[in-house]
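Each chain, written out:
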Amino acid sequence: MATKDQSPGQILMSQGYKLQEKVEIKREECNIAQRTLGVWINPSGKMTHIDPEVKTEYTVRMQQTQEWAISITSSNMSRKEVYMAYHGILQTKVGYALAVTTFKQSQLKKIQRVANVAYMPKVGLNRNFPTAVFQGPAEYGGPAHSPFYTQQGYKQIQLLMGTIRNEDDTGKLIQAS
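Residues numbered from 1 in each chain as written. Predicted model: local features only at pLDDT ≥ 70, side-chain atom pairs only at ≥ 80, totals over all residues. Heavy atoms only, no water.

Quick word on the nonpolar core
As a reminder of what qualifies: Here, nonpolar core means buried Ala, Val, Leu, Ile, Met, Phe, Trp, Tyr and Cys residues that are tied together by side-chain atoms lying within 4.5 Å of each other. When accessible area is computed with a 1.4 Å probe and restricted to protein chains, residues below 20% of their type maximum are described as buried, those above 50% as exposed, and intermediate ones as partly exposed. Per the convention used, a helix needs a DSSP run of H or I reaching at least four residues, while a strand needs a run of E reaching at least two, with both numbered from the N terminus. The contact rule is simple, with two residues in contact once any of their heavy atoms fall within 4.5 Å.
Trp68, Tyr86, Leu90, Leu108, Ile111, Tyr119 and Phe148 are the most contacted members of the largest nonpolar core, which totals 21 residues. Mapped onto this core, the elements with two or more residues apiece are α1 (57-73), α2 (79-95) and α3 (105-122). For this core, the element with the highest residue contribution is α3, accounting for 6 residues. For Leu108, the residues in contact, after removing those within four places along its chain, are Leu98, Phe103, Phe148, Tyr149 and Gln152.

The structure is reproduced here in structure tokens:
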């Protein structure tokens, strides 16, 4: 993909029945994320940017997690309410975009760490509680908290399989590849 500097030019289109009048379509940089339906998608596929002031999906999800952690830490909620806030609010906010993101495991671990530091003491666990036990399955006595990285993989597979099962053009193209 080329930036506007690497590929200068403008895109003009006619508007409706006014064929003589041309309207310029604003070009966006290919390395700057744009907000779509609740997700900041970057055409280049990167989830971060060199400039920390530029909004990206990573900075948005990290900020949401930090705000959630601050509100949970300063609240007087019961353990059950904190549990519900984690699963009903935070995992929904962060998890919503995971099917269409390409976060690295290290990025999602940082987001997860911010959440766990606030969450674990509020549900009665030590901050240094072993991660393997914390994420362990319920049948072995663990609370079965799947990390965001696992959720991302699951949601991406779910999206892929759902697209294939739709049997539309996109599904057929995926099957052909």
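Observations regarding the confidence of the model for the chain
What counts is decided by this rule: Looking at any residue, its pLDDT shows the predictor's confidence there, from 0 to 100.
Put simply, the chain has an average pLDDT of 86, and 95% of its residues get 70 or more. Taking the mean pLDDT of every element in the chain, the minimum, 74, falls on strand β3 (residues 34-35) and the maximum, 94, on α3.

A few points about the packing of aromatic side chains
The condition that has to hold: Note on ring pairs: Phe, Tyr and Trp rings are taken, using the six-membered ring of Trp, and paired if centres are within 6.5 Å. Classes follow the plane angle, with under 30 degrees stacked, over 60 edge-to-face and the rest tilted.
In total, this model carries 4 aromatic pairs according to the counting rule given. For the ring pair Tyr86 and Tyr119, a centre distance of 4.3 Å and an interplane angle of 25° mean the geometry is stacked. Of this pair, Tyr86 sits in helix α2 while Tyr119 sits in helix α3; the two residues are 33 residues apart in sequence, bridging distant segments of the chain. Take Tyr86: its relative accessible area is 0%, and that puts it in the buried class.

Quick look at the environment of Trp40
Residue position: Trp40 is located in strand β4 (residues 40-41). Spatially, the C-alpha atoms of Trp40 and Ser7 are 23 Å apart, while their sequence positions differ by 33 residues. When sequence neighbours within four positions are dropped, the list of residues in contact with Trp40 reads Ala33, Gln34, Arg35, Lys55, Thr56, Glu57 and Val60.

Thoughts on the packing of α2 against helix α5 (residues 148-165)
Convention followed: Axes here refer to lines fitted to C-alpha atoms; in helices the fit is confined to the stretch in contact. Angles between the N-to-C directions go from 0 to 180 degrees. For classification, angles of less than 35 degrees are called roughly parallel, those exceeding 145 degrees roughly antiparallel, those between 65 and 115 degrees roughly perpendicular, and all remaining angles oblique. Put simply, a crossing is left-handed when the front helix is turned counterclockwise from the back one by less than a right angle, and right-handed when it is turned clockwise. Amino acids are sorted into nonpolar (Ala, Val, Leu, Ile, Met, Phe, Trp, Tyr, Cys and Pro), charged (Asp, Glu, Lys and Arg) and polar (every other residue, Gly among them).
With their axes 11 Å apart at the nearest point, α2 and α5 run at an angle of 55° to one another. Relative to α5, the element α2 is oriented oblique. You can see that α2 and α5 cross each other, and the crossing is right-handed. Across the interface between the two elements, Leu90, Gln91, Val94 and Gly95 from α2 touch Phe148, Gln151 and Lys155 from α5. The residue inventory of the contact of α2 with α5, partitioned by class, reads 3 nonpolar, 3 polar and 1 charged.

With respect to a nonpolar patch on the surface
Filter applied, for reference: Like-charged residues within 9 Å of one another, or nonpolar side chains (Val, Leu, Ile, Met, Phe, Trp, Tyr) within 5 Å, are grouped into patches, provided each residue has over 30% relative accessible area and no salt bridge. Note on areas: Shrake-Rupley, 1.4 Å probe, and residue coverage restricted to the protein chains presented here. One speaks of a salt bridge when a side-chain nitrogen belonging to Lys or Arg is within 4 Å of a carboxyl oxygen belonging to Asp or Glu.
Together, Ile11, Met13 and Ile25 give the surface a local cluster of nonpolar side chains, amounting to about 260 Å² of exposed area. By secondary structure assignment, the location of Met13 is in strand β1 (residues 11-15). Residue class for Met13 comes out partly exposed when judged on its relative accessible area of 47%.

Side note on α2
Note the following rule: The angle between axes fitted to the seven residues ending at a residue and the seven residues starting there is what we call the bend at that residue.
A bend of about 30° at Tyr86 is the largest found in α2. Those residues of α2 not exposed but buried are Val82, Ala85, Tyr86, Leu90, Gln91, Val94 and Gly95. Those residues of α2 hidden inside the fold are in contact with α1, α3 and α5.

A few points about the environment of Leu160
Topologically, Leu160 is positioned in helix α5. Linking Leu160 and Ile174, residues 14 residues apart in sequence, is a C-alpha distance of 8.4 Å.

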